[in-house]
Amino acid sequence: MNLDRYLNVSPEVKAAIAAGKPVVALESTIISHGMPYPQNVETALNVERIVRENGAVPATIAIIQGKITVGCTHEQIEHLGKKGLAVTKASRRDLPVLLSRGEDGATTVTTTMIGAALAGIRVFATGGVGGVHRGAETTMDISADLEELAQTQVLVVCAGAKSILDLGLTLEYLETKGVPVIGYRTKELPAFYTTHSGFQVDYRLDTPGEIAEAFAVKLDLDLPGGMLVTNPIPDEYAMDLDYINRNIDAAIAEAESLGIHGKETTPFLLDKIQKLTGGDSLKANIQLVYNNARLGAQIATELAGR
Ligand code: PSU
Ligand code: MN
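Here the structure is a predicted model, which means the values were calculated and not measured.

Calculation criteria
- Residues numbered from 1 in each chain as written.
- Chains lettered and ligands numbered in written order.
- Predicted model: local features only at pLDDT ≥ 70, side-chain atom pairs only at ≥ 80, totals over all residues.
- Heavy atoms only, no water.
- Near = heavy atom within 4 Å.
- Polar contact = N/O pair within 3.5 Å; in protein donor to acceptor, adjacent residues only side chain to side chain.
- Areas by Shrake-Rupley, 256 points an atom, 1.4 Å probe, with all protein chains shown as cover.
- Helix = DSSP H or I, 4+ residues; strand = E, 2+ residues; numbered from the N terminus.
- Nonpolar A, V, L, I, M, F, W, Y, C, P; charged D, E, K, R; others polar.
- Buried < 20%, exposed > 50% of the residue type's maximum accessible area, 1.4 Å probe, protein only.
- Contact = heavy atoms within 4.5 Å.
- Salt bridge = Lys/Arg side-chain N within 4 Å of Asp/Glu carboxyl O.
- Phe/Tyr/Trp six-rings, centres within 6.5 Å; stacked < 30°, edge-to-face > 60°.
- Lys NZ or Arg CZ within 6 Å of the ring centre and 35° of its normal.
- Axes fitted to C-alpha atoms, helices over the stretch in contact; angles between N-to-C directions.
- Parallel < 35°, antiparallel > 145°, perpendicular 65-115°, else oblique.
- Left-handed = near helix turned anticlockwise from the far one by under 90°.
- Pairing = 2+ DSSP bridges.

Asks: When you look at the site of ligand 1 in this model, what are you seeing that I'm missing?
Replies: Glu-27, Ser-143, Asp-145, Lys-162 and Thr-266 are the nearest of the 15 residues found near ligand 1. A distance of 2.7 Å is found between an oxygen atom of ligand 1 and a side-chain nitrogen or oxygen belonging to Lys-89. In this structure, Val-109 approaches ligand 1 through a main-chain N or O atom, which is 2.8 Å from an oxygen atom. For ligand 1, whose free accessible area comes to 470 Å², the fraction covered by protein is 92%. Counting residues per element, the ones that place at least two in the shell around ligand 1 are α2 (29-32) and α12 (265-276). Here the residues of the shell around ligand 1 sort into four nonpolar, seven polar and four charged.

So this is what it looks like as structure tokens:
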């Protein structure tokens, strides 16, 4: 198989990987489906800058004209951000048709992990990962992100799981699949907009070095799957727990009454929550992504230095 047919790694990212320099993968569904324009593009470019300031090379990943593109240009990021929901949200199952037809796609956590692994990138930073949705015992709505974490060797830095998901079931699923869940300087699973969830992670690790060491063991042993690093939103940007949960409940109720399902669910809820909170949740979302980009770059630097 000629990988070049399907994979396009930018010269800068290719050189960094070849030289063993730290690289951090970044996803594109957060741009097209996770935030409104123009804040999405502004955030994506700031995230790249923060990764650089922390000593690593950013690699924003998307599907551009049928190629998994690792290291998007600013023009490509602008294009994805402007097109927004009109870009296909691309998970694992979308790859065959999108690539064979030469189409564009925004990569979720799942497909960003796939692209990163194909290119040789081990660390990926984002905002939130998909999980087991509330009511999944009847809808069976479980994100493909959890399956990817079970099989692809990429470390994912996120801000925990937000309560549009069933946090308890999400943790159970990750346990079944053998995915280590690490809390960065916390034993409590962060809940995205807030630092408190009432659920515990497996391990608290306090430095990027310790996290890199643990992940390196997983790679050395060639254990399939990734590692989920949950990084709490900085206190000054955290939202009031009751306030955000009330709005999340309202968003879920509306999604149910409209019969929203499948891949539309998560983008619908994110958009609804942003509207209901008058943009407060967007502000928190942006800041936690910056915070994760910083930690991702630090972990990638430690991993590269081993
Ligand atoms: N959660 C967020 N922001 C996001 C997503 C999730 O807070 O942008 C996106 C990510 O790309 C994630 C995807 O991989 O949604 C999960 O979608 P689903 O729940 O349909 O698997
Ligand atoms: Mn789903």
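Asks: Can you walk me through the environment of Gly-135 in this structure?
Replies: Of note, Gly-135 is situated in the loop between β7 (123-125) and α7 (136-139). Residue Gly-135 is classed as partly exposed on the basis of its relative accessible area, which comes to 26%.

Asks: Teacher, can you tell me more about the side chain of Gln-274 here?
Replies: Note that Gln-274 resides in helix α12. Since its relative accessible area comes to 9%, Gln-274 is described here as buried. If near-sequence neighbours (up to four positions away) are discounted, Gln-274 is found in contact with Gly-34, Met-35, Pro-36, Gly-279, Ser-281, Leu-282 and Asn-285.

Asks: Teacher, can you tell me more about the pattern of salt bridges here?
Replies: Opposite charge on two side chains makes pairing possible when the charged atoms of those side chains draw close. In the structure shown here, the tally under the stated rule is twelve salt bridges. We note a salt bridge from Glu-53 to Arg-49, for which the minimum N-O separation is 2.8 Å. Note that Glu-53 and Arg-49 are positioned in helix α3 (residues 39-53) at a spacing of four residues, about one turn of the helix. Note that Lys-272 and Glu-254 form a salt bridge whose closest N and O atoms lie 3.4 Å from each other. Residue Lys-272 is located in helix α12, and its partner Glu-254 is located in helix α11 (residues 241-258); the two are separated by 18 residues in the primary sequence. Taking relative accessible area as the criterion, Lys-272 reaches 19% and is therefore assigned buried.

Asks: Help me understand helix α8 (residues 144-151) in this model?
Replies: In an α-helix there are 3.6 residues to a turn, and that puts residues three or four apart on one side. Residues of α8 that are buried: Asp-145, Leu-146, Glu-148, Leu-149 and Ala-150. Those residues of α8 that are buried lie in contact with α6 (109-119), β8 (155-158), α9 (167-176) and β11 (227-230). Between a side-chain oxygen at the N-terminus of α8 and the backbone nitrogen of Asp-145 the separation is 3.0 Å; the capping residue is Ser-143.

Asks: What's the story with the packing of aromatic side chains in this structure? I'm lost.
Replies: Note on aromatic pairs: each is described by the distance of the centres and the angle between the planes. Summed over all chains, the structure comprises one aromatic pair. Considering the side-chain rings of Phe-192 and Tyr-193, the 4.8 Å spacing of their centres and the 90° angle between planes classify their relative orientation as edge-to-face. Each member of the pair, Phe-192 together with Tyr-193, is buried. Residue placement shows Lys-162 over the ring face of Phe-192; its charged tip is 3.6 Å from the ring centre.

Asks: Help me understand the packing of α8 against α9 in this model?
Replies: Packed helix pairs are specified by the crossing angle of their axes together with the interaxial distance, meaning the distance between the axes. Contact geometry for α8 and α9: axes closest at 9 Å, N-to-C directions at 30°. In terms of orientation, α8 lies roughly parallel with respect to α9. α8 and α9 meet at a crossing whose hand is right-handed. For the pair α8 and α9, contact is made by Leu-146, Glu-147 and Leu-149 and by Thr-170, Tyr-173 and Leu-174, respectively. Here the residues of the contact of α8 with α9 sort into four nonpolar, one polar and one charged.

Asks: Is there a simple way to explain the pairing of strand β2 (residues 23-26) in this structure?
Replies: Along any regular strand, the residues point their side chains to alternate faces of the sheet. Here β2 shows two buried faces, one formed by Val-23 and Ala-25 and the other by Val-24 and Leu-26. Of the strand pairs in this sheet, β2 and strand β3 (residues 57-64) are connected by four bridges, and their pairing is parallel. From the neighbouring strand, Leu-26 faces β3, where its bridge partner is Thr-60. Bridge analysis of β2 against β7 gives three bridges, and the strand direction is parallel. Following the sheet pairing, Val-24 is matched in β7 by Val-123.

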